[in-house]
Amino acid sequence: MSTTTDRSTSSPSQEVELAIGGMTCASCAVRVEKKLGKLDGVTATVNYATEKAKVTYPEGTDPQQLVDQVEAAGYTATFPHPADDDAAATNEGQADDPTRSLRERFIISAVLSVPVIALAMVPVLQFTYWQWISLTLAAPVVVWGAWPFHRAAWTNLRHGAATMDTLISMGTLAAFAWSLYALLFGTAGMPGMTHPFELTVQSGSGDGNIYLEVAAGVTTFILAGRYFEARSKRRAGAALRALLELGAKDVAVLRDGREQRISTDQLAVGDHFVVRPGEKIPTDGVIEVGSSAVDASMLTGESIPVEVGQGDSVTGATVNAGGRLVVRATRVGSDTQLAQMAKLVEDAQTGKAAVQRLADRISSVFVPIVIALALGTLAFWLFSGAGAAAAFTAAVAVLIIACPCALGLATPTALLVGTGRGAQMGILIKGPEVLESTRRIDTVVLDKTGTVTSGQMSLIAVHAADGVDESEALWLAGAAEHASEHPLARAIARGAADRVGQLPAVEEFTNVEGLGVQAVVSGHAVLVGRPALLEQWSQPLPDDLAAAQTTAENQGHTAVVVAWDGRACAVLEVADAVKPTSAEAIAQLRTLGLQPVLLTGDNDTVARTVATEVGIDEVIAEVLPQDKVDVVTRLQREGRVVAMVGDGINDAAALAQADLGLAMGTGTDVAIEASDLTLVRGDLRAAVDAIRLARRTLGTIKGNLFWAFAYNVAALPLAAAGLLNPMIAGAAMGFSSVFVVANSLRLRRFRSTITDTPETRTSSASPQLVTTTGS
């Protein structure tokens, strides 16, 4: 619980998080928000995916009032304890799957429903007393399988609301109840009763018709959709767990002059601990002894490792890429930057407006109309003197025909085909709520490192002095750098090996802290590093190499000088190279009506160089993770609907905050979990395909929903007129279902804009090396 100040009233307010239980759809979250908002000075944001509410209330308000208000709306509310969350995250692998109950309901209902539907729709299978077998099989489905819908419908009824659950419960119970009446008191239970395959329109008492296949089929189809939705929702908290698991699990702390391995959660502010090369820094601190290069790209987006020494600050979960460090802990636990990033992700997810499902929005209007029509039909036939049996037949028929079986197929089938086609193309769509955002977005914010660029340092150019063979320069420099662990050295060694092949062994290798390396290679005394290293050996750069160095640095690249046998001979240009396909992807995003924005933690010079190369006009550079969230929020306040494409931990909160988050599958698990769409390939053109496919899938779902209702709405006048034949109801269900499935299958013909060739794969894997020779 935290205390804040409301700027509008200048009165202090408090903030608390509630765990909400009993929500079955996105409209439930909206109802809880409205209910809490009725309290004076209270504002609430409810996230259906995480089942949490962030509530701000005036100081002096009893938090128990918030719980009572939620319970008055028909839901449960509790105050989660941080220890409970930690325990849940720790024991998640051992805990029961919360979707298990729903999965069991779906599987058992499906097994029982298939023979019921087959018997009703295929007359040749209708043996003597088949209707009683159907009743035996359908009863558990309608009563037990559909119990979550009945419970939610009752809760909604008590609070004057109507949702998809209301429609499902009413339709299935009406179909089952009338079937039971027809079997026990009508003629449907007689031996030899059959449903002939006739599409005739005729009036009748209805006591010879049963609708068990409607009751069981609708329940099973809706359960299928709910199960897949619940399974997707369960992953909502995985981003937070993955983020918190990034930190080191143990640490070598100095106690009484000796190293002692302890768990990181036992660290205290002021403790001194040791970090060796290649290890993660366990918590935020200040370097007391040693110097090194620290890879902080996951937090800052800075592609070049940062040189640090005594007195410099380091951040937990970053990687020590160089020498041994002794660090004094300054922040531990929930105060660290990593923990704050986790909080940013959680806040962004909670604050993200939940998209109410299309079926619920339609149901909120459709259900009251159907109920009114059924009551009107009952009253009309009663007062017309047709008799109670005919009146109830017509009224129940209205309720039955209003519960379309295809509604349960509309979203799941389109998602199944759309996500399946996406998976073939390397695009993973997390759920139906993702799709609405793709239609509305007008701005796409692109992270630089790992998204537009390759995400790792590469040797991109060699500038050789007059009379120097650039292959020899690469051969000697690559050999010397091969013995170093520095990320820049690895980039040079890798680039040299790719260009000249096998590198020779080195002798007398020495790492000069903060400056570079020196070694003897094939009898040559070689220096590789900063110009200051050469100055120590009185080997100045000639004018042509100095100019090459200046040009490289002006473009935001890193210039590494190479000298041997007492002479400066070459400048190697190292940078985070732009992916060959990024410029094409930016152009395609523009054709979709999207405005690209480059957002990065890297310095402004590097960012603008990359933006110019790929064709982006708007650049926002040198931002920290919390600033990325602020930038996305600012764009949203300006009225833009924002998509965010990123791959790093530093992008996770912004991905969650954006209206649509797209994570490169080549990036971190945290970014992937916080996103809405995952692009398995590292090719930015996949983002174009993802948006196109998501928009197409959304259009298919809308078409499915329209026809799912249209077929049945067209039959409502027949039902109200008392002319509904059971085969017409079955045919309406069958035709609408067939149409929905066929319409969804059209998504299999979706084609990618990416032409994958061996040349494309090769060029994507390694940047082109540019060589120049001084004159």
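Please read all numbers here as calculations on a predicted model, not as lab measurements.

Definitions and cut-offs
- Residues numbered from 1 in each chain as written.
- Predicted model: local features only at pLDDT ≥ 70, side-chain atom pairs only at ≥ 80, totals over all residues.
- Heavy atoms only, no water.
- Helix = DSSP H or I, 4+ residues; strand = E, 2+ residues; numbered from the N terminus.
- Buried < 20%, exposed > 50% of the residue type's maximum accessible area, 1.4 Å probe, protein only.
- Polar contact = N/O pair within 3.5 Å; in protein donor to acceptor, adjacent residues only side chain to side chain.
- Contact = heavy atoms within 4.5 Å.
- Pairing = 2+ DSSP bridges.
- Axes fitted to C-alpha atoms, helices over the stretch in contact; angles between N-to-C directions.
- Patch = residues over 30% accessible without salt bridge, like charges linked within 9 Å, V, L, I, M, F, W, Y side chains within 5 Å.
- Areas by Shrake-Rupley, 256 points an atom, 1.4 Å probe, with all protein chains shown as cover.
- Salt bridge = Lys/Arg side-chain N within 4 Å of Asp/Glu carboxyl O.
- Lys, Arg positive; Asp, Glu negative; His and termini not counted.
- Charge placed at Lys NZ, Arg CZ, Asp CG, Glu CD.
- pLDDT = per-residue confidence, 0-100.
- Phe/Tyr/Trp six-rings, centres within 6.5 Å; stacked < 30°, edge-to-face > 60°.

**Q** Please set out the side chain of threonine 220 residue by residue, giving values where relevant.
**A** Mapped onto the elements of the fold, threonine 220 is located in helix α8 (residues 212-234). Residue class for threonine 220 comes out buried when judged on its relative accessible area of 9%. Polar side-chain contacts of threonine 220 include one of 3.0 Å to the backbone oxygen of alanine 216. In this view, threonine 220 contacts Phe106, Ser109, Ala110, Ser113 and Val141; residues no more than four positions away in its chain are not counted.

**Q** Please give an account of the sheet that holds strand β24 (residues 618-620) that cites residues and values.
**A** The strand order across the open sheet formed by seven strands is β15-β27-β26-β25-β16-β23-β24, and the pairing between neighbours is mixed. Two strands in the sheet have a free side with no partner beyond their single neighbour: β15 (427-429) and β24. Direction aside, neighbouring strands of the sheet carry axes that sit 20° apart on average.

**Q** Explain a positive patch on the surface residue by residue, including any values.
**A** A surface patch of positive charge is lined by Arg696, Arg746, Arg749 and Arg751. Relative to the helices and strands, arginine 751 is located in the loop between α27 (726-745) and α28 (758-765). Look at arginine 751 and you get exposed, because its relative accessible area is 52%.

**Q** Talk me through the confidence of the model for the chain; I want residue IDs and the actual numbers.
**A** Taken over all residues, the pLDDT of the chain has a mean of 78, while the share at 70 or more is 79%. Mean pLDDT in the chain bottoms out at α28, which sits at 39, and peaks at helix α5 (residues 130-145), which reaches 94. Low pLDDT (under 50) marks residues 1-10, which in the prediction has 19 contacts with non-local residues, meaning those over four places away or in another chain. Considering only residues more than four positions removed or in separate chains, one finds that residues 82-95, a stretch of pLDDT under 50, has five contacts.

**Q** For the packing of aromatic side chains, give the residues involved together with the corresponding values.
**A** Inspection of the entire model under this criterion finds three aromatic pairs. Taking the centre distance of 4.9 Å and the plane angle of 40° together, the rings of tryptophan 178 and tyrosine 181 count as tilted. Taken together, the residues tryptophan 178 and tyrosine 181, both in helix α7 (residues 164-185) and three residues apart, mark about one turn of the helix. On the accessibility criterion, tryptophan 178 (9% relative accessible area) is buried. Measuring from ring centre to ring centre gives 5.4 Å for phenylalanine 380 and tryptophan 381, while their planes differ by 80°; the resulting arrangement is edge-to-face. By relative accessible area, which is 53% here, phenylalanine 380 ends up exposed. Aromatic ring contacts, followed pair by pair, group Trp178, Tyr181 and Phe185 into a single cluster.

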